[in-house]
Amino acid sequence: TSGNIAINGNSTNSFGGYGIFFNSSGSSTGVNVTTVNGDITLRGDSVGTSDAIALGGNGTASVNNISSQGGNITLNGNFHSPNVPELDHGIAILGVTNKIQTTGSGNVTLIGNAADQGDGISFYSSGNALVSVENGALSVTGSSVYGDGVSILTGTNALRATGSGSVTVTGTSTNAGGITIYPSTNASSATISTNSGKLTLDGTSGSASSSAGITLRSPGSGAAAGVNILSNSGAIALNGTSKGGGDGIAFVGSSTNGFNTVSTGGSAGMTLNASSNGAAGIRFNGGTNSLKVVDGVLLVNVNAPNGTPIVQSG
């Protein structure tokens, strides 16, 4: 009821082992970690050949459910194997239906780090993920050396704040992309949304990288299965920085039926801060790409000292 839940997993075997693994394979029960109004904390560490925290299993009828009615939920995964190369992640959310949600003023915080080729935090493998707050703060922070900081890939994935809460996604990578959102199959979609709170994407790719700070990329499957960054009335900020040869912010579509939409209502407005050291500050490459405000200001602030501020092709 009011108590807290803490799960700590530490895999010290250099050739195997998750820090924490939720393996939901039964549609009738699944894996449930719940408290009425307490806090839930998962801390996973792995030096092996498996993710620090993995929420997976078999089939989208199976459910991993982490929920509290007003408490804070924190997942902190650190993958740092000495084996080279390793594709494992700090936090992997994959394969089944995963729900991480709190109501009231509770916060949800995901922190993932990968020291090799895995992503800091990755949503993938055709699962259905819902990460949700009401009036609190939803924060997703990922870092990697050779993988993306945060990736949102195949499946139906939604990060949202339904009340006055905010959503912030922060990704950094030394050699790859800061934030990569690419629901690559026609059945996949990615939605990040708020109601009245601020929505921020902050992606940075390092000096050794040719990837973008932020990439929004859609398949040719229509608006319903594209990338949607939405707010009813809150401000939206996209901050994309490439310290190397990548774009600051890249909008990519495989055809005109590949939709990337960034939209807010009301008067809050939208800001794009894009910086590239050697390519485009902002690149539109194919697709149907929309940046929409209603009564607010759309501000595009671009810095590309060794490249081109804005490029459109395809």
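Residues numbered from 1 in each chain as written. Predicted model: local features only at pLDDT ≥ 70, side-chain atom pairs only at ≥ 80, totals over all residues. Heavy atoms only, no water.

Caption draft 1: The packing of aromatic side chains, seen in detail. This model, assessed by the stated rule, comprises two aromatic pairs. On the numbers, 4.3 Å between centres and 25 degrees between planes, the contact of Tyr18 with Phe21 is stacked. You can call Tyr18 partly exposed: its relative accessible area is 34%. Exposure remark for Phe21: the relative accessible area of 38% places this residue in the partly exposed category. Here the aromatic rings of Phe251 and Phe284 are separated by 5.0 Å at their centres, their planes lie at 15 degrees, and the arrangement is stacked. (Phe/Tyr/Trp six-rings, centres within 6.5 Å; stacked < 30°, edge-to-face > 60°. Buried < 20%, exposed > 50% of the residue type's maximum accessible area, 1.4 Å probe, protein only.)

Caption draft 2: Layout of the pattern of salt bridges. One pass over the structure, following the stated rule, counts one salt bridge. The partner of Arg283 in a salt bridge is Asp247, with the nearest N and O atoms 2.8 Å apart. Taken together, the positions of Arg283 in strand β26 (residues 280-285) and Asp247 in the loop between β22 (236-242) and β23 (249-253) put the pair 36 residues apart, joining distant regions of the chain. The class of Asp247 is buried, set by a relative accessible area of 12%. (Salt bridge = Lys/Arg side-chain N within 4 Å of Asp/Glu carboxyl O. Helix = DSSP H or I, 4+ residues; strand = E, 2+ residues; numbered from the N terminus.)

Caption draft 3: Summary view of unusual backbone geometry. For the peptide bond that leads from Val84 to Pro85, omega is -10 degrees, which places it in the cis range. Relative to the helices and strands, Pro85 resides in the loop between β7 (73-79) and β8 (91-94). Here Ser125, not a glycine, exhibits a phi torsion of approximately 65 degrees, which is positive. Structurally, Ser125 is set in the loop between β11 (121-124) and β12 (127-133). Phi is positive for Ser126, close to 60 degrees, though the residue is something other than glycine. Mapped onto the fold, Ser126 is located in the loop between β11 and β12. The exposure class of Ser126 is partly exposed, given its relative accessible area of 44%.

Caption draft 4: Geometry of the sheet that holds strand β28 (residues 298-303). Pairing in this open sheet of 10 strands is parallel, and the strands run β1-β4-β7-β10-β13-β16-β19-β22-β25-β28 from one edge to the other. At either end of the open sheet lies a strand with only one pairing partner, and these are β1 (5-11) and β28. If you compare each strand with its neighbour and ignore which way they point, the axes differ by 5 degrees on average. Relative to β28, strand β25 (residues 270-276) runs parallel, the two sharing six bridges. Within β28, the position partnered with Asn273 by the bridge is Asn301. (Pairing = 2+ DSSP bridges. Axes fitted to C-alpha atoms, helices over the stretch in contact; angles between N-to-C directions.)

Caption draft 5: The arrangement of a nonpolar patch on the surface in detail. Together, Leu298, Val300 and Ile310 make up an exposed nonpolar region whose accessible area comes to about 230 Å². Looking at where Ile310 falls in the secondary structure, it is placed in strand β29 (residues 308-313). (Patch = residues over 30% accessible without salt bridge, like charges linked within 9 Å, V, L, I, M, F, W, Y side chains within 5 Å. Areas by Shrake-Rupley, 256 points an atom, 1.4 Å probe, with all protein chains shown as cover.)

Caption draft 6: Quick look at the side chain of Asn239. Along the chain, the position of Asn239 falls in strand β22. Here Asn273 takes part through its side chain, which lies 3.0 Å from a polar atom of the side chain of Asn239. Setting aside residues no more than four positions away along its own chain, Asn239 makes contact with Thr200, Leu201, Asp202, Gly203, Ile214 and Asn273. (Polar contact = N/O pair within 3.5 Å; in protein donor to acceptor, adjacent residues only side chain to side chain. Contact = heavy atoms within 4.5 Å.)

Caption draft 7: Seen up close, the environment of Thr191. Position of Thr191 relative to the elements: it lies in strand β18 (residues 189-194). With relative accessibility at 25%, the residue Thr191 sits in the partly exposed group. As for Thr191 and Gly90, which are separated by 101 residues in sequence, their C-alpha atoms are 22 Å apart. Among residues more than four places away in sequence, those in contact with Thr191 are Asn157, Ala158, Leu159 and Asn228.

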